[in-house]
Amino acid sequence: MKKRLLFLGPPGAGKGTQASRISTKYNLLHLSTGDLLRSEVKEGTELGKEAAILMDKGELVSDKLVLSIVEKKIISPNQGWLLDGFPRNLSQANSLESLLKKLSQPIELVLLLEVSDQLLIERLLARGRSDDNEETIANRLEIYREKTTPLIEHYSRLDLLHSINGDGGINQIEAAIEEILI
Ligand code: B4P
């Protein structure tokens, strides 16, 4: 089974939802940069204060800040891991690859969850997190297209990318992911 995984997809695609299920089921370390940043914000750390300003606008937090969080976490060579929402741009992808090279832990699979814009907007508005309002969602979708979609080609070229239709129900999508993993 593949156990060093990346989940890629637009905001609201269900990366967090599926990552949490799969990591629990297969005992993988679930690393969500969104969750880690939100916990820094909640604790009111200096890093959290800097991140909150950008997250509230739907902007990406600086690469340096995100990397400092991730580096502290990916260390266990024996447990597999699932990166959810990271990398978000080519610069983060390159930094991640250097780090994983040092650790001799190459990525085994990149899963892209594809969902129509209409459905993404509906899901996010229904979730209602503080950054789930129409203006911020529009900005997050634009940033996804501009900064994150180049990763699709990047990981295709490395022959690591698998796309999944994320429009269906949560159980159905989970089953489709498991078919690829095992
Ligand atoms: P994230 O926390 O990564 O959140 P997301 O992309 O909006 O959501 P996700 O795809 O995980 O959707 P979810 O499963 O929750 O990012 C938030 C912010 O953090 C970013 O805007 C950025 O500012 C910052 N950030 C994070 N990582 C960064 C990085 N690497 N670099 C820089 N900045 C970074 O699903 C959404 C909703 O849909 C939920 O309510 C869920 O219940 C529902 N849902 C999921 N699957 C469904 C399905 N199949 N059917 C119906 N509903 C479904």
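Source: prediction; values computed, not measured.

*Asks:* For this particular structure, what's the right way to read the overall build of the protein chain?
*Replies:* On a plain count of helices and strands, the protein chain comes out with 9 helices and 5 strands. When the helices and strands of the protein chain are placed in sequence order, the string is β-α-β-α-α-α-β-α-β-α-α-α-β-α. Counting only C-alpha atoms, the protein chain reaches 40 × 35 × 30 Å along its principal axes. Across the 182 residues that make up the protein chain, the buried fraction comes to 45%. Once local pairs closer than 6 in sequence are excluded, the contacts in the protein chain between residues at least 24 apart make up 74%. Carbon and sulfur atoms make up 50% of the accessible area of the protein chain, which amounts to about 9,400 Å² in all. Within the protein chain, the 27 negative side-chain charges are centred at a point lying 5 Å from the centre of the 23 positive side-chain charges.

*Asks:* Explain the side chain of Glu178 here, please?
*Replies:* Along the polypeptide, Glu178 turns up in helix H9 (residues 170-181). When its relative accessible area of 14% is taken as the criterion, Glu178 is described as buried. Those residues in contact with Glu178 that sit more than four places away from it in its chain are Ile22, Lys25 and Tyr26.

*Asks:* Hey, could you run me through the site of the ligand in this one?
*Replies:* Every one of the 30 residues lining the ligand counts as a neighbour, but Thr17, Thr33, Glu59, Arg127 and Arg140 are closest to it. Gly14 places a polar main-chain atom, nitrogen or oxygen, 3.4 Å from an oxygen atom of the ligand. Within the side chain of Arg140, a nitrogen or oxygen atom sits 2.6 Å from an oxygen atom of the ligand. Its free accessible area being 1,000 Å², the ligand has 86% of it covered by the protein chains. For the shell around the ligand, the secondary structure elements donating two or more residues are helix H1 (15-26), helix H2 (33-43), helix H6 (117-127) and H9.

*Asks:* Would you mind showing me how to read the environment of Glu174 here?
*Replies:* Of note, Glu174 is situated in helix H9. Those residues in contact with Glu174 that sit more than four places away from it in its chain are Gln18, Arg21, Ile22 and Lys25. Engagement of the side chain of Glu174 in a polar contact is seen with the side chain of Arg21, the distance being 2.7 Å.

*Asks:* Looking at this structure, how should I read the side chain of Asp131?
*Replies:* Tracing the backbone through its elements, the reader meets Asp131 in the loop between H6 and helix H7 (134-148). Engagement of the side chain of Asp131 in a polar contact is seen with the side chain of Arg129, the distance being 2.8 Å. Excluding residues within four positions of it along the chain, Asp131 makes contact with Met55, Thr136, Ile137 and Arg140.

*Asks:* Teacher, can you tell me more about the packing of H6 against H7 here?
*Replies:* A packed helix pair is summarised by two numbers, namely the angle formed by the two axes and the spacing between the axes. Between H6 and H7, the least distance of the axes is 11 Å, while the angle of their chain directions is 135°. Here H7 runs oblique to H6, going by the angle between their axes. In this structure, H6 meets H7 at a crossing whose hand is right-handed. Across the interface between the two elements, Asp117, Leu120, Ile121, Leu124, Leu125 and Arg127 from H6 touch Glu134, Ile137, Arg140, Leu141 and Arg145 from H7. The class makeup of the residues in the contact of H6 with H7 is 6 nonpolar, no polar and 5 charged.

Conventions used here
- Residues numbered from 1 in each chain as written.
- Predicted model: local features only at pLDDT ≥ 70, side-chain atom pairs only at ≥ 80, totals over all residues.
- Heavy atoms only, no water.
- Helix = DSSP H or I, 4+ residues; strand = E, 2+ residues; numbered from the N terminus.
- Buried < 20%, exposed > 50% of the residue type's maximum accessible area, 1.4 Å probe, protein only.
- Contact = heavy atoms within 4.5 Å.
- Areas by Shrake-Rupley, 256 points an atom, 1.4 Å probe, with all protein chains shown as cover.
- Lys, Arg positive; Asp, Glu negative; His and termini not counted.
- Charge placed at Lys NZ, Arg CZ, Asp CG, Glu CD.
- Near = heavy atom within 4 Å.
- Polar contact = N/O pair within 3.5 Å; in protein donor to acceptor, adjacent residues only side chain to side chain.
- Axes fitted to C-alpha atoms, helices over the stretch in contact; angles between N-to-C directions.
- Parallel < 35°, antiparallel > 145°, perpendicular 65-115°, else oblique.
- Left-handed = near helix turned anticlockwise from the far one by under 90°.
- Nonpolar A, V, L, I, M, F, W, Y, C, P; charged D, E, K, R; others polar.

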